[in-house]
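What the coordinates show
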Amino acid sequence: MRTIFMTGTSTGLGKAAVKLFSDKGWKVIATMRKPENEEELNQLPNVTLMALDVTNSEQVKQVVAEVISKFDVDVVFNNAGYGLAGPFEGADEDQIFRNINTNLLGVMRVTQAFIPHFRSKGQGMFISTTSIGGSVTFPMNSVYHATKFAVEGWSESLAYELEPFGITVKTVAPGGITTDFAGRSLDLSKHEAYDEMFSKIYTVFSNPERRASYSSAEQIAEVVYEAATDDKAQLKYIAGNDAKDLFALRNAVGQDGFHKEVKNIFLGE
């Protein structure tokens with residue numbers, strides 16, 4: 001039985017991934033900040049719930065040490081993260097740091113803590129949830145994009161140094177997911193100078209026709225499972241039809257061309 005360690009499993013993609021891997025016969029260590037509130041995953045076979053806040057360095061070290069003393073982990077799925085939207089000028093330093101601390105530094109902490117375990121056994125895999133927002137950009141998401149572009153670049157570089165030890169690094173980059181990410185998992189910055197622009201952009205993002213192209217959490221979880229089991233030397237998995245279309249457009253028209261397309265879509269320019 002193979003074992004996977006996951007972060008950010010209380011809702012959405014993380015929760016769907018726990019269910020899928022459990023159903024496929026894997027042993028799953030599912031972490032979240034408040035496992036005492038979970039009433040569904042703790043009923044699944046071969047699922048162990050643990051408390052973990054990826055922004056807490058000492059807790060990360062303690063949890064990983066405890067896990068590797070009890071389990072032979074094969075895959076680590078870094079999924080904890082949340083969105084920060086709104087004008088950069090209106091974002092305070094605490095908002096910026098919290099987003100970077102969770103979305104980037106949290107992934108780095110968990111990964112660094114598991115590397116010795118994988119290196120000693122001569123194999124292992126890290127899969128990190130990024131976003132199509134780690135390859136293309138939209139207005140009013142600059143800090144979030146900074147974190148996701150950073151995880152993509154960090155993962156690509158990390159893959160070089162871990163490959164000689166039999167350790168694989170992969171990313172899964174979803175587009176829109178029909179979960180509560182934009183509600184529970186979204187922080188907002190505000191500045192009155194950008195109110196009109198933000199209103200236009202929010203209207204486009206919340207358009208039901210746009211959301212109709214989103215993937216379910218279960219569909220993206222299938223891509224995570226594919227990445228974990230396909231034995232391919234593939235770094236990035238673009239997940240969801242909307243993400244694939246955006247990625248193809250960006251590659252086809254280039255940076256400046258994509259910038260013009262986005263302005264037209266969101267701002268009517």
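What you see is a predicted model, and the numbers here were worked out from it, not measured in a lab.

Calculation criteria
Residues numbered from 1 in each chain as written. Predicted model: local features only at pLDDT ≥ 70, side-chain atom pairs only at ≥ 80, totals over all residues. Heavy atoms only, no water. Buried < 20%, exposed > 50% of the residue type's maximum accessible area, 1.4 Å probe, protein only. Helix = DSSP H or I, 4+ residues; strand = E, 2+ residues; numbered from the N terminus. Pairing = 2+ DSSP bridges. Right-handed = clockwise from strand over helix to strand, strands pointing away. Expected span 1.5 Å × (residues − 1). Arc of directions from axis to C-beta. Contact = heavy atoms within 4.5 Å. Polar contact = N/O pair within 3.5 Å; in protein donor to acceptor, adjacent residues only side chain to side chain. Phe/Tyr/Trp six-rings, centres within 6.5 Å; stacked < 30°, edge-to-face > 60°. Lys NZ or Arg CZ within 6 Å of the ring centre and 35° of its normal. Salt bridge = Lys/Arg side-chain N within 4 Å of Asp/Glu carboxyl O. Core = buried A, V, L, I, M, F, W, Y, C linked by side-chain atoms within 4.5 Å. Axes fitted to C-alpha atoms, helices over the stretch in contact; angles between N-to-C directions. Parallel < 35°, antiparallel > 145°, perpendicular 65-115°, else oblique. Left-handed = near helix turned anticlockwise from the far one by under 90°. Nonpolar A, V, L, I, M, F, W, Y, C, P; charged D, E, K, R; others polar.

1. Concerning the pairing of strand 2 (residues 27-32)
In terms of burial, strand 2 is largely enclosed, as 5 of its 6 residues are buried. Bridging between strand 1 (residues 3-6) and strand 2 involves 4 bridges; their strand directions are parallel. The residue of strand 2 that forms the bridge with Met6 is Ala30. For the segment spanning strand 1, helix 1 (residues 12-23) and strand 2, crossover handedness is right-handed.

2. Some words on unusual backbone geometry
One non-glycine residue, Asn46, lies in the positive phi region at around 60°. Note that Asn46 resides in the loop between strand 2 and strand 3 (47-51). For Met140, which is not a glycine, the phi torsion comes out positive at approximately 70°. In this fold, Met140 is placed in the loop between strand 6 (124-129) and helix 4 (142-162).

3. Section: helix 2 (residues 57-70)
With 14 residues, helix 2 should reach 20 Å at 1.5 Å per residue; the first-to-last C-alpha distance of 20 Å fits that figure. Restricting attention to buried positions, one finds in helix 2 the residues Val60, Val63, Val64 and Val67. Seen end-on, helix 2 carries its buried residues on one side only, within an arc spanning 100°. Structural note: helix 2 exposes Lys61, Gln62 and Ser69 on the side pointing more than 90 degrees away from its buried face. Buried residues belonging to helix 2 abut strand 1, strand 2, strand 3 and helix 3 (93-121). The N-capping residue of helix 2, defined by a side-chain oxygen 3.2 Å from the backbone nitrogen of Glu58, is Asn56.

4. Quick look at the packing of aromatic side chains
This structure, assessed with the given rule, holds 10 aromatic pairs. Above the face of the Tyr225 ring, Lys24 is positioned so that its terminal group lies 5.3 Å from the ring centre. Here the guanidinium or amino end of Arg210 rests over the ring plane of Phe138, the centre of that ring lying 5.8 Å away.

5. Structural notes on the pattern of salt bridges
Charged atoms that come close allow side chains of opposite charge to pair. Counted according to the given criterion, the structure contains 9 salt bridges. For Lys61, the salt bridge identified is with Glu58, shortest N-O distance 3.8 Å. In this pair, Lys61 and Glu58 are both assigned in helix 2, 3 residues apart and thus about one turn of the helix distant. Residue classification places Glu58 among the partly exposed positions, given a relative accessible area of 46%. Of the charged contacts, one joins Asp187 and Arg98 as a salt bridge, the two residues approaching to 3.5 Å between their closest N and O atoms. Pair noted here: Asp187 is in strand 8 (residues 186-188) and Arg98 is in helix 3, with a separation of 89 residues, a long-range link.

6. Overview of the nonpolar core
Nonpolar side chains tend toward joint burial in soluble globular proteins. The biggest cluster of nonpolar side chains holds 30 residues, and the ones touching the most others in it are Phe21, Val28 and Val172. If you list the elements that add at least two residues to this core, you get strand 1, helix 1, strand 2, strand 4 (75-78), strand 6, helix 7 (217-229) and strand 9 (236-239). Residue contributions to this core peak at 8 residues, all from helix 7. Excluding anything up to four places from it in sequence, Phe21 contacts Ile4, Met6, Trp26, Val28, Val224, Tyr225 and Ala228. Counting residues in hydrophobic clusters, the runner-up holds 27 residues, among them Leu52, Leu104, Val107 and Ile115.

7. Some thoughts on the sheet that holds strand 2
Taken together, the 7 strands give an open sheet; going across it, the order is 3-2-1-4-6-7-9, and neighbouring strands pair in parallel fashion. In this open sheet, the two strands that pair with only one neighbour each are strand 3 and strand 9. Going across the sheet, the axis of each strand differs from the next one's by a mean of 20°, ignoring polarity. One ladder, built from 3 bridges, connects strand 1 with strand 4; its direction is parallel. Of the residues in strand 4, the one forming a bridge with Ile4 is Val75. Strands strand 6, strand 7 (167-174) and strand 9 of the sheet are contacted by helix 4, whose axis makes an angle of about 160° with strand 7. Those strands touched by helix 8 (residues 241-267) are strand 7 and strand 9, and its axis lies near 115° from that of strand 9.

8. Thoughts on the packing of helix 1 against helix 7
Direction vectors running N to C along helix 1 and helix 7 enclose 60°, while the axes themselves pass 8 Å from each other. Taken together, the axes of helix 1 and helix 7 are oblique relative to one another. With respect to the hand of their crossing, helix 1 and helix 7 are arranged in right-handed fashion. On helix 7, the residues touching Gly12, Leu13, Ala16, Ala17, Leu20 and Phe21 of helix 1 are Ala217, Glu218, Ile220, Ala221, Glu222, Val224, Tyr225 and Ala228. In terms of residue class, the contact of helix 1 with helix 7 is built from 11 nonpolar, 1 polar and 2 charged.

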